[in-house]
Amino acid sequence: QVQLVESGGGLVQPGESLRLSCAASGSIFSINHMGWYRQPPGKQRELVAVITSDGSTNFGDSVKGRFTISRENAKNTVYLQMNSLKPEDTAVYYCNAHVRVGTGKYTYSFWGQGTQVTVSS
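Residues numbered from 1 in each chain as written. Predicted model: local features only at pLDDT ≥ 70, side-chain atom pairs only at ≥ 80, totals over all residues. Heavy atoms only, no water.

A. Geometry of the overall build of the protein chain. Secondary structure assignment for the protein chain yields 0 helices and 11 strands. Helices (α) and strands (β) of the protein chain occur, in sequence order from the N terminus, as β-β-β-β-β-β-β-β-β-β-β. Rg of the C-alpha trace for the protein chain: 14 Å, near the compact-globule value of 14 Å for 121 residues, within the 12% margin. By its C-alpha atoms, the protein chain is 50 × 25 × 25 Å across when sized along the principal axes. Looking at the protein chain residue by residue over its 121 residues, the buried ones come to 41%. (Helix = DSSP H or I, 4+ residues; strand = E, 2+ residues; numbered from the N terminus. Rg over C-alpha atoms; globule rule 2.2 N^0.38 Å. Buried < 20%, exposed > 50% of the residue type's maximum accessible area, 1.4 Å probe, protein only.)

Listed below in structure tokens is the structure:
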């Protein structure tokens, strides 16, 4: 199968930056979309950013202009650069990837275990 391992979360003060990484490994034929979602305390999971295999991106309204997403296809890795962080960015951040597995006949959606980001003074 496929595993997604996230890293880079932590505690920062408002206005600071963090960079999240997510590396996919396992029975990967190719990866289509990769992205980040987050779940604030007591709220539903929401889109943060997504990037396609050709580099097209889409962002949630609340992070536009502050966050950027990129990927290294050779490393099956996606990054989320978060700048000008606000307390309302506090959430568990989850990596997601749409992966063609094995010989490439089937595509599945996989999730990471989540990494906590806390923005507080």
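So that's the structure; there's more coming.
B. Looking closely at the environment of Leu-11. Considering the arrangement of structural elements, one finds Leu-11 in strand S2 (residues 10-12). Note on Leu-11: relative accessible area 64%, which makes it exposed. Along the primary structure Leu-11 and Gln-116 are separated by 105 residues, whereas in three dimensions their C-alpha atoms are 8.3 Å apart. Not counting residues within four places of it along the chain, the set of residues in contact with Leu-11 comprises Thr-118 and Ser-120. (Contact = heavy atoms within 4.5 Å.)

C. Main features of the nonpolar core. Counting residues in hydrophobic clusters, the biggest one holds 30 residues, and the most contacted among them are Trp-36, Leu-80, Met-82 and Tyr-93. Every element with two or more residues in this core is listed here: strand S1 (2-7), strand S3 (18-26), strand S4 (28-39), strand S5 (46-51), strand S7 (67-72), strand S8 (77-82), strand S9 (91-101) and strand S11 (115-119). Considering every element that reaches this core, the biggest residue donor is S9, with 6 residues. With near-sequence residues (within four places) excluded, Leu-80 lies in contact with Leu-18, Arg-19, Leu-20, Trp-36, Val-48, Ala-49, Phe-67, Thr-68, Ile-69 and Tyr-93. (Core = buried A, V, L, I, M, F, W, Y, C linked by side-chain atoms within 4.5 Å.)

D. Summary view of the side chain of Asp-89. Along the chain, Asp-89 turns up in the loop between S8 and S9. At 2.8 Å, the side chain of Asp-89 forms a polar contact with the backbone nitrogen of Lys-86. Contacts of Asp-89, omitting those with residues within four sequence positions, involve Arg-38, Arg-66, Phe-67, Ser-84, Val-117 and Val-119. (Polar contact = N/O pair within 3.5 Å; in protein donor to acceptor, adjacent residues only side chain to side chain.)

E. View of the pattern of salt bridges. The full count for this structure, using the stated rule, is 5 salt bridges. One salt bridge connects Asp-89 with Arg-66, and the closest N-O pair in it is separated by 2.7 Å. Note that Asp-89 is positioned in the loop between S8 and S9 and Arg-66 in the loop between strand S6 (57-59) and S7, a separation of 23 residues in sequence. For the residue pair Asp-89 and Arg-66, the accessibility class agrees, reading buried in each case. Sharing partners across several salt bridges, the network here consists of Arg-38, Glu-46, Arg-66 and Asp-89. (Salt bridge = Lys/Arg side-chain N within 4 Å of Asp/Glu carboxyl O.)

F. Quick look at the sheet that holds S1. Overall, antiparallel pairing links the 4 strands, which are arranged S1-S3-S8-S7 in an open sheet. Each of the sheet's edge strands pairs with one partner strand only, and the pair in question is S1 and S7. Within the sheet, the average angular offset between the axes of one strand and its neighbour, ignoring direction, is 15 degrees. The pairing of S7 with S8 spans 6 bridges and is antiparallel. Each bridged residue has a counterpart across the sheet, and for Arg-71 the counterpart in S8 is Val-78. (Pairing = 2+ DSSP bridges. Axes fitted to C-alpha atoms, helices over the stretch in contact; angles between N-to-C directions.)

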